[in-house]
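If you want the building blocks of each chain, they are given just below.
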Amino acid sequence: MSHVSAPSADHPSDSPRDSRDQAPQFVLPLVVRIERGAPPARTDALETAARAVLVLLGDDRAHGDGEWAEAVRNWEDARIRKVVRRARGAEWRRAGTLPGITVTGRSAEVRVFPPIPLDGWPKDLAKLQVSGTELDDPEPPVATGPGQPVLWLNPDLEMSAGKAMAQAGHGAQLAWWALSDADRTAWREAGFALTVRTASRADWPRLTTSGLPLVRDAGFTEIAPGSCTVVADHPALRPGG
């Protein structure tokens, strides 16, 4: 499994099929809370989803003999699929009763669940809507600082908020895999601080050839197969970092 170039909510590799396709397929469910009168800001939802993936990966239950460890191993041995669904009101409350972790941003709430078989969705999650999740930023995101981890989005791709949340989660996961244990610990202790921003068209070619973790999409939903969607720019992974 490559720690440098892997794909999307649907698929993590450059080849159309490889040994991971032969393994049982699992998916990491994420649910974003979108109340009718108070939707979260788009960028905050993307950042909160990425942090939710990291929180689960860093949780003791996901390692060793933890209760989620086998599911996480099975998931990572196949495609690192992620699916984002949306909920409000009673749907959100029911989702909160299932085993998982809720991560809160400035305006967003995202609950991440341990991986499940691709065809094994719990009833209260299976009926939640997955397509067409759209969000806006009421104000332009502020500029990033030089020492911040940044998940850079491809400026030439149009993605729904749900698709972009899954892609940001992939980028965060590839960065996590590529980091040393010490750098993972430091990131966890910093609350998995990160930002998600759209790269400039001038910078995107440099980012995709920098050696930083790069997400390529399988093309199962919304965008063309092999599209580069996210570059995970963590300070510890930068050249000379």
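To be clear, the structure that these remarks concern was listed above.
Please read these numbers as outputs of a predicted model, since none were measured by experiment.

The rules behind these values
- Residues numbered from 1 in each chain as written.
- Predicted model: local features only at pLDDT ≥ 70, side-chain atom pairs only at ≥ 80, totals over all residues.
- Heavy atoms only, no water.
- Helix = DSSP H or I, 4+ residues; strand = E, 2+ residues; numbered from the N terminus.
- Buried < 20%, exposed > 50% of the residue type's maximum accessible area, 1.4 Å probe, protein only.
- Salt bridge = Lys/Arg side-chain N within 4 Å of Asp/Glu carboxyl O.
- Phe/Tyr/Trp six-rings, centres within 6.5 Å; stacked < 30°, edge-to-face > 60°.
- Lys NZ or Arg CZ within 6 Å of the ring centre and 35° of its normal.
- Core = buried A, V, L, I, M, F, W, Y, C linked by side-chain atoms within 4.5 Å.
- Contact = heavy atoms within 4.5 Å.

K.L.:
What's the story with unusual backbone geometry in this structure? I'm lost.
P.N.:
When glycine is set aside, most residues are seen to have a negative phi, and most peptide bonds are trans. Within the chain, F192 stands out as a residue other than glycine whose phi angle is a positive 55°. As for its position among the elements, F192 is in the loop between α7 (181-189) and β8 (195-198). Assessed through its relative accessible area of 4%, F192 is described here as buried.

K.L.:
Looking at this structure, how should I read the pattern of salt bridges?
P.N.:
Summed over the entire model, instances satisfying the criterion amount to 11 salt bridges. When the shortest N-O distance is used, the salt bridge between K127 and D124 registers 3.8 Å. For D124, a relative accessible area of 18% puts it in the buried group. The salt bridge partner of D217 is K163, with a shortest N-O separation of 3.1 Å. Placement of the pair is D217 in the loop between β9 (214-216) and β10 (228-233) and K163 in helix α6 (residues 161-178), with a sequence separation of 54 residues.

K.L.:
Would you take a moment to explain the packing of aromatic side chains for this structure?
P.N.:
Ring pairs (aromatic) are described by centroid distance and by the angle formed between their planes. Counting across every chain of the model gives two aromatic pairs. Taking 5.8 Å as the distance between ring centres and 75° as the angle between the ring planes, the aromatic pair formed by W187 and F192 counts as edge-to-face. Note on W187: relative accessible area 5%, which makes it buried. Lying over the aromatic face of W121, R85 brings its terminal NZ or CZ to 4.1 Å of the ring centre.

K.L.:
Quick question: what am I supposed to make of the nonpolar core here?
P.N.:
One broad trend across soluble globular proteins is that nonpolar side chains are buried collectively. The biggest cluster of nonpolar side chains holds 48 residues, and the ones touching the most others in it are L30, L151, M165 and W187. Those elements that provide at least two residues to this core are β2 (26-33), α2 (42-58), α3 (69-77), β4 (101-104), β5 (109-112), β7 (150-153), α6 and β10. Here this core gets 10 residues from one element, more than from any other, and that element is α6. With sequence-adjacent residues up to four places away left out, L30 is seen in contact with A49, A52, V53, K82, V83, V84, R85, V110, R111 and V112. Formed by 11 residues, the second largest nonpolar core is a distinct cluster that contains V31, A95, F113 and L128.

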